[in-house]
Amino acid sequence: MDAVRVENLTKRYGRLEALRGISFRIAPGSLFALLGPNGAGKTTTIRILCGLTRPTSGRAFFYEVDVFASPVKAKKMAGLVPQTINLDMELTVAENLLIHGLLFGLSRKEIARRSQELLRFADLLERKNHRVRTLSGGMRRRVLIIRALLHRPRILFLDEPTVGLDPHIRRKLWGLIKMIQQQGTTILLTTHYIEEAEFLADRVAFIDEGRLIIEDTPGALIGRLGEFAVDIVREKGLETKYFRSRKEAESFALTFTKRAETVTIRRVSLEDAFVHFTGRKV
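Summary of the structure given here. A quick note: this is a predicted structure, and the numbers were derived from the prediction, not measured.

So, the overall build of the protein
If you tally the helices and strands in the protein, you get 10 helices and 13 strands. The C-alpha extent of the protein, read off along each of the three principal axes, is 75 × 45 × 35 Å. Look at the contacts in the protein between residues 6 or more apart in sequence, and 66% of them connect residues 24 or more apart. When the accessible surface of the protein is summed, it comes to about 14200 Å², and 49% of that surface belongs to carbon and sulfur atoms.

Remarks on the sheet that holds strand E8 (residues 186-191)
In spatial order, the strands read E6-E7-E8-E3-E9-E10; together these six strands make up an open sheet with mixed pairing. Of all the strands in the sheet, just strand E6 (78-81) and strand E10 (211-216) have a single pairing partner and so form its edges. Sheet twist, expressed as the mean angle between neighbouring strand axes with direction ignored, is 15 degrees. On top of the sheet, helix H5 (residues 137-149) reaches E6 and strand E7 (155-159); it is set at about 165 degrees to E6, its chief contact. Helix-sheet contacts for helix H6 (residues 167-182) involve strand E3 (31-35), E7 and E8, and the interaxial angle to E8 is about 150 degrees.

Things to note about the pattern of salt bridges
Working definition: two side chains of opposite charge can pair if their charged atoms are close together. Across all of its chains, the model carries 18 salt bridges by this definition. For Arg5, the salt bridge goes to Glu7, with nearest N and O atoms at 2.8 Å. In this structure, Arg113 and Glu110 form a salt bridge, with 3.3 Å as the shortest nitrogen-oxygen distance. On the criterion of helical spacing, the pair formed by Arg113 and Glu110 is a turn pair, its members being three residues apart in helix H4 (residues 108-121). Residue Arg113 is classed as partly exposed on the basis of its relative accessible area, which comes to 41%. A cluster of three or more residues bridged by salt bridges with shared partners is formed by Glu110, Arg113, Arg114 and Glu117.

Scoring rules and cut-offs
- Residues numbered from 1 in each chain as written.
- Predicted model: local features only at pLDDT ≥ 70, side-chain atom pairs only at ≥ 80, totals over all residues.
- Heavy atoms only, no water.
- Helix = DSSP H or I, 4+ residues; strand = E, 2+ residues; numbered from the N terminus.
- Contact = heavy atoms within 4.5 Å.
- Areas by Shrake-Rupley, 256 points an atom, 1.4 Å probe, with all protein chains shown as cover.
- Pairing = 2+ DSSP bridges.
- Axes fitted to C-alpha atoms, helices over the stretch in contact; angles between N-to-C directions.
- Salt bridge = Lys/Arg side-chain N within 4 Å of Asp/Glu carboxyl O.
- Buried < 20%, exposed > 50% of the residue type's maximum accessible area, 1.4 Å probe, protein only.

Structure, rendered in structure tokens:
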């Protein structure tokens, strides 16, 4: 059984097609990343799956529950970490968690017990009674994540969870996200950070202008191009060639030793795959 199944999802705003018939499946307990530039349709997809935006057409299922026919049942299975920090800044961390728990019908006793567990898990226990406005950006992101986990969702939606954070804090959040997955939660992540998708995801789908271009494991997407890349800096710009082995790459690079071009050999990355399959950079 798929944790998430999306079939031919479309969304139009007048003449603008935000989504153009995307389909994908997510296996239980896996982390699936939608990778694409701003405006590609990533947030629209999550908003539709979380019941915040109506689709123009298409179907979606959480563990065979029809998301659009049974929205309340589907929402109980899902936790959402939005791109915008929508915590109440004047309330404490504990008060924010309390309100969320009450909205999901949890008892105060269960909220207190679950909050304590999650705050410890996210290394925020000492900040329990601090007002959110006093927390750093990274801490606020962690509060958003544990708030979404409070009602024990089977599926967690993370919409650009590390946007605007410095690399050190971003990597700390990556560790938290992987720990959540290891506990059995299915995760759908949207990001425009290539390295984030490459590090976190079991499977990656490239999305651009509302279309899902290609989907596979990060390793398989990279492997379709080769293992090594040769970058040639010419007067007209950068040109890249891909090779299956370092020996092939080095043999090709040697043909430029007496020319004016600058040549670099490196390993192929997920960014190479994205540029190759979409024709553009994130």
